[in-house]
Every structure is written in C-alpha cells, then in structure tokens.
Amino acid sequence: MFVEVKDPDDKVILARQYGSEGRFTFTSHTPGEHQICLHSNSTKFSLFAGGMLRVHLDIQVGEHANDYAEIAAKDKLSELQLRVRQLVEQVEQIQKEQNYQRWREERFRQTSESTNQRVLWWSILQTLILVAIGVWQMRHLKSFFEAKKLV
C-alpha cells in the first residue's frame, strides 16, 4: 500500500510504500486539514474476485501520539524528567490550540463583518428601489388621471 500525506498547503509530508501491513507516523507544523491518501497495490479485479482489503486507521493527535515509555527508555529519563517533558508538551499543545482558536475567531469575524456589510448594502438597494417605484407609480397615476380629466 502506498501512503501519501499532504498538509493544508498541499505540500507532501509523507510519501512511502508499505507492504501488506504497516504503521506510519508524521509530524506537521501547519494547522488545518490534512489529506491522507491510501493507494492499494492490488488491482480492482482482485477485489471483485473475492480478495479483501482491510484498512484500520488509528489517528492520534497531540501529546496522545507520543509513547512516553519508549521516550524514557531511549533518552534514559527519570520519572520526574519524563513527567516534566509530558507537562511541557501539554503546555505546547494548549498554546497551539489557543492559536488555532484565535485564527478561527478571526476568520469567523471577517465572515460576519462581510455578511453584515452585504446585508446593509442589500437593504439600502431595496429601499432605493421601493422609493423609485413609488415615485414612478405616483407620476404614472397622476398622468393617467389627468388624461381622463378626473383631476
């Protein structure tokens, strides 16, 4: 199976060929929606002939993606040092989440202001059209009654 991961800017983060089973991890420094594309090595006909394709995705984000027991063994960290590292990563994750929420709030505010401006201009346009039609109707009716010599 061929795995390709792209970030929100369409830059390839990971592109790798795996066998029938595989595990992959990646780290992205860009917030947003990422694309994970899985391409099968088998042909379409083998799937229809009874072949099976099973894919299991277990996506972990943030500090949950780290195996701290493995990190402690690799870096030879004490329990206190490992806990400090966990806390630092949690703080970094909180900061990332706050920055993301600020970015979403800014985008929502821009959308709201744009919508409010469009509503304002639409209501002004409707008012002008109603006034113009009212003036036209009054002149038309006045000329009609003058032609019939009722006024």
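Everything discussed here concerns the structure shown above.
Keep in mind it's a predicted model, so treat the numbers as computed, not measured. (Residues numbered from 1 in each chain as written. Predicted model: local features only at pLDDT ≥ 70, side-chain atom pairs only at ≥ 80, totals over all residues. Heavy atoms only, no water.)

### Quick look at the overall build of the protein
Stage number 1. A tally of helices and strands in the protein yields three helices and three strands.
Stage number 2. For the protein, the succession of helices and strands along the chain, N to C, is β-β-β-α-α-α.
Stage number 3. Per-residue burial for the protein yields a buried fraction of 9% across its 151 residues.
Stage number 4. Relative to all contacts within the protein whose residues are 6 or more apart in sequence, the contacts with residues 24 or more apart total 35%. (Helix = DSSP H or I, 4+ residues; strand = E, 2+ residues; numbered from the N terminus. Buried < 20%, exposed > 50% of the residue type's maximum accessible area, 1.4 Å probe, protein only. Contact = heavy atoms within 4.5 Å.)

### Observations concerning the pairing of strand β2 (residues 12-17)
Stage number 1. Sheet analysis places strand β1 (residues 2-6) next to β2, joined by five bridges and oriented antiparallel. The partner of E4 across the bridge, within β2, is A15.
Stage number 2. Counted along the chain from β1 to the antiparallel partner β2, the turn is five residues long, and its residue D10 has a positive phi close to 60 degrees. (Pairing = 2+ DSSP bridges.)

### Here we look at the environment of D58
Stage number 1. Along the chain, the position of D58 falls in the loop between α1 (44-48) and α2 (68-75).
Stage number 2. As a C-alpha pair, D58 and R23 span 35 residues in sequence and 9.8 Å in three-dimensional space.

### Let's talk about unusual backbone geometry
Stage number 1. For D10, which is not glycine, the phi torsion reads 60 degrees and is therefore positive.
Stage number 2. The residue D10 is located in the loop between β1 and β2 in this model.

### What about the pairing of β1?
Stage number 1. In this sheet, strand β3 (residues 35-39) lies alongside β1 in antiparallel orientation, the contact comprising five bridges. Within the sheet, the bridge partner assigned to V3 lies in β3 and is L38.

### Focus on the packing of α2 against helix α3 (residues 79-148)
Stage number 1. Where α2 contacts α3, the axes come no closer than 11 Å and their chain directions differ by 125 degrees. Overall, the two elements α2 and α3 adopt an arrangement that is oblique. The handedness of the crossing between α2 and α3 comes out as right-handed. Together, Y68, I71, A72 and D75 of α2 and L82, R85, Q86 and E89 of α3 make up the contact between the two elements.
Stage number 2. Split into classes, the residues belonging to the contact of α2 with α3 amount to four nonpolar, one polar and three charged. (Axes fitted to C-alpha atoms, helices over the stretch in contact; angles between N-to-C directions. Parallel < 35°, antiparallel > 145°, perpendicular 65-115°, else oblique. Left-handed = near helix turned anticlockwise from the far one by under 90°. Nonpolar A, V, L, I, M, F, W, Y, C, P; charged D, E, K, R; others polar.)

### Examining the sheet that holds β1
Each strand in a sheet pairs with another by means of backbone hydrogen bonds, the pair being arranged parallel or else antiparallel.
Stage number 1. With antiparallel pairing, three strands are arranged side by side in an open sheet as β2-β1-β3. Single-partner strands in this sheet number two, and they are β2 and β3. Direction aside, the axes of adjacent strands within the sheet are offset by 10 degrees on average.

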